[in-house]
Amino acid sequence: MREYLNGNEAVAYAVKLARVEVVAAYPITPQSTIVEEIAAQISRGEMEAEYIRVESEHAALAACFGAAVSGSRVFTATSSQGLAYMFEMLHYVSGARTPMVMAVANRGLAAPWTIWVDHQDSISCRDTGWIQLYVETAQEALDTCLQAYKIAEDPRVLTPVMLCLDGYVLSHTEEIVDIPSQEEVDRFLPPYQPQVLVDTQRPAVFGVGAGPDTYPAFKEAQQVAMERAKEVIRRVDEEFYALFGRRYGGLVEDYRCQDAEVILVTLGAITGTAREVVDFLRQEGAKVGVLRLRALRPFPVEDLRQALKGARVVAVLDRNCSFGYEGVVCTEVKAALLGLQQPPVVVGFIAGLGGQDIRREDIEGIFRRCLNSTEGAPL
Amino acid sequence: MEKKGGNTLKIQDLPEDELVFGSFACAGCGGILAVRLALKVLGPETVIVTTPSCLLGVTTFYPQLAFKVPCVNVTFPSTAAAVSGVVAGLKRRGKEHITVLGIAGDGGTVDIGLQALSGAIERGDNFIFLCYDNEAYMNTGVQRSGSTPLGAHTTTTPVGKMLKGEDRPKKDMLRIVAAHDIPYAATASIGYPQDYLRKIQKAKETKGPAYIQVLSPCPPGWGYPSDLTVYLARLAVQTGAWTLAEYEQGKLTVKKIDHPKPLKEYLSLQARFAHLV
């Protein structure tokens, strides 16, 4: 079934199709219409789930945690300040190895107060132990939400997934979205089968305390699970393709990078504009490409090295800033390329903070500056 | 034993099975006694949700599991929110007969946990919230809480030239939960186990949220020999320092003490009040 949907509606449809059993959420712009649509689906009798109307985002994630350890497939969504408010619960959920999916409609953080998009909110949560997947379209938001449950619940992974979609640009912008049937989704995503859950016949502790002798082993297990998640994310994307005919490159999506002299690394919706600029410049004969990071955690080091090793210049477009240094993705890309025989020069560009539009000309300008740079000259 | 609302419960009828066993609690810990007694009434079909309080520290430190029931540990502000999640999760699995018991100290209840508790009571979820009130943040080293009584010395209300202990009265949590039109709420004392256990039983039988705040003396926090825990828990009631009250069907009843003992008897046994007597 094909319909005009915005990113938030697409996520809400995916939540229904994933047969999510418990939803706990607190409204915040630009996420709110996700949970409004879910509430409407439940109210219309189209979705059967418990909807816990919590009093804060902190409580939303705590309620999701309680429901997940009790054996339910759960969902929540937030943005910006709400995500920041959840911060301590983020670590709890991932540390207790609780699979769940949370949509983050990306929005800048106050102050100055803003409701518009940048990635500062989710990037600030980079080290919370959640898998982070950034999507480019409403269709990908729907598809990735379904994939995310399969990834999170994989016994080798057992790690929550943050599904990041650009506020307004994706959350509130309509496009034609192919909605799969319930039967198709059921074939792709079987019911959640937790290995350990709240069970009075088999008492267990969720969220134990641990001393210096045992704590590191828990943290190492999380790191191992994240490493394993790389292969699981790739495989789930391929399984999805086999059933639905759509795939997103697994961890990274490469666009005309193979022979490219200059490659732009992106995150999220701006990639669409970057592709157009690449096509335009290619007509001029410029060898340019775009590499979209779909996964920020786990960080796709191997895929990045493979895709970027032939380039002369790698430009990184960051919609965030690590104050006192540079864009976070830029730092990550630099580190990933260390040790290559002839490593490309990596240049960071910070743009589009707090919803400022990143225009076609801006991206063209980035490419031209990189194309015109000569070896050894600073950019 | 007092009979009320058809509930009869005798201590001799309590099961010998211990559902909390092998904890690292201090000698004379009132909190662990409160939890132990409550679990004897609630039985094995119970799930505990608690926070990184004293209780977590002494019962569920890996690989320890001092409970014979499942235990979900969650962040300090979120006990009651996680309770709502567990209630919803159990409902989805058709296990609504299981009692969900949120447990927090006074800090995790009247201060940092108050917002979540208010939310869960207002939503009308079916659970019991047990506040073991030892009248300060004991696990972090005896700092004052909203539940610390007037005049008590704590490490953040130290007695000195400028300050004579806690300068604010104790927060009236029972009236706060009562204002939510909660189906059942009560205060209790581990010094009056029959009264306490009857209230736990009532809470279990209540449809919807139930709240019990039980006075749980703390030897290191209050500064008294550990064999006086139960004695002090009784003396608190007998001197009027603590009241046994019940709120049900919109009515608050307070157990009247006919011949209260002098408050000095209670205060003089505790280092936290040494500057007053």
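Residues numbered from 1 in each chain as written. Chains lettered and ligands numbered in written order. Predicted model: local features only at pLDDT ≥ 70, side-chain atom pairs only at ≥ 80, totals over all residues.

Enquirer: Give a detailed account of the packing of helix 10 (residues 271–283) of chain A against helix 13 (residues 360–372) of chain A, specifying residues and quantitative values.
Expert: Residue and element names in this part refer to chain A. For the pair helix 10 and helix 13, interaxial distance at closest approach is 9 Å and the crossing angle is 55°. Classified by the angle between their axes, helix 10 and helix 13 sit oblique to one another. As for how helix 10 packs across helix 13, the hand of that crossing is right-handed. Between helix 10 and helix 13, the contacting residues are Thr273, Ala274, Glu276, Val277 and Leu281 on the first element and Arg360, Ile363, Glu364 and Phe367 on the second. By residue class, the composition of the contact of helix 10 with helix 13 is five nonpolar, one polar and three charged. (Axes fitted to C-alpha atoms, helices over the stretch in contact; angles between N-to-C directions. Helix = DSSP H or I, 4+ residues; strand = E, 2+ residues; numbered from the N terminus. Parallel < 35°, antiparallel > 145°, perpendicular 65-115°, else oblique. Left-handed = near helix turned anticlockwise from the far one by under 90°. Contact = placed C-beta atoms within 7 Å. Nonpolar A, V, L, I, M, F, W, Y, C, P; charged D, E, K, R; others polar.)

Enquirer: I'd like a rundown of unusual backbone geometry, residues and numbers included.
Expert: Each neighbour pair has its own omega, and for A:Thr29 with A:Pro30 the value is 0°, a cis peptide bond. Within the secondary structure layout, A:Pro30 lies in the loop between strand 2 (22–24) and helix 2 (32–43). Put simply, A:Ala110 and A:Ala111 share a cis peptide bond, and its omega is 0°. The residue A:Arg97 is not glycine, and still its phi comes out positive at about 55°. If you check the backbone angles, B:Asp181 has positive phi at about 60° while not being a glycine. Relative to the elements of secondary structure, B:Asp181 occurs in the loop between helix 6 (173–178) and strand 5 (184–189).

Enquirer: If you had to explain the confidence of the model for chain B to someone new, which residues and values would you point to?
Expert: Put simply, chain B has an average pLDDT of 95, and 97% of its residues get 70 or more. Considering only residues more than four positions removed or in separate chains, one finds that residues 1–6 of chain B, a stretch of pLDDT under 50, has 10 contacts. (pLDDT = per-residue confidence, 0-100.)

Enquirer: If you had to explain the domain arrangement of chain A to someone new, which residues and values would you point to?
Expert: One frequent convention defines the size of an interface as the accessible area lost when the parts assemble. Residue and element names in this part refer to chain A. Along its sequence, chain A is organised into domain 1 (2–244) and domain 2 (252–372). The C-alpha-based centres of domain 1 and domain 2 are spaced at 27 Å. Every contact between the two is made by 24 residues of domain 1 and, on the other side, 20 residues of domain 2. Among the secondary structure elements, those contributing two or more residues to the side of domain 1 that touches domain 2 are helix 6 (120–123), strand 6 (131–134), strand 7 (161–166) and helix 9 (215–244). With five residues, helix 9 is the largest single contributor of residues to the side of domain 1 that touches domain 2. Here the residues of the side of domain 1 that touches domain 2 are counted per class, giving 13 nonpolar, five polar and six charged. (Domains from an automatic or database assignment.)

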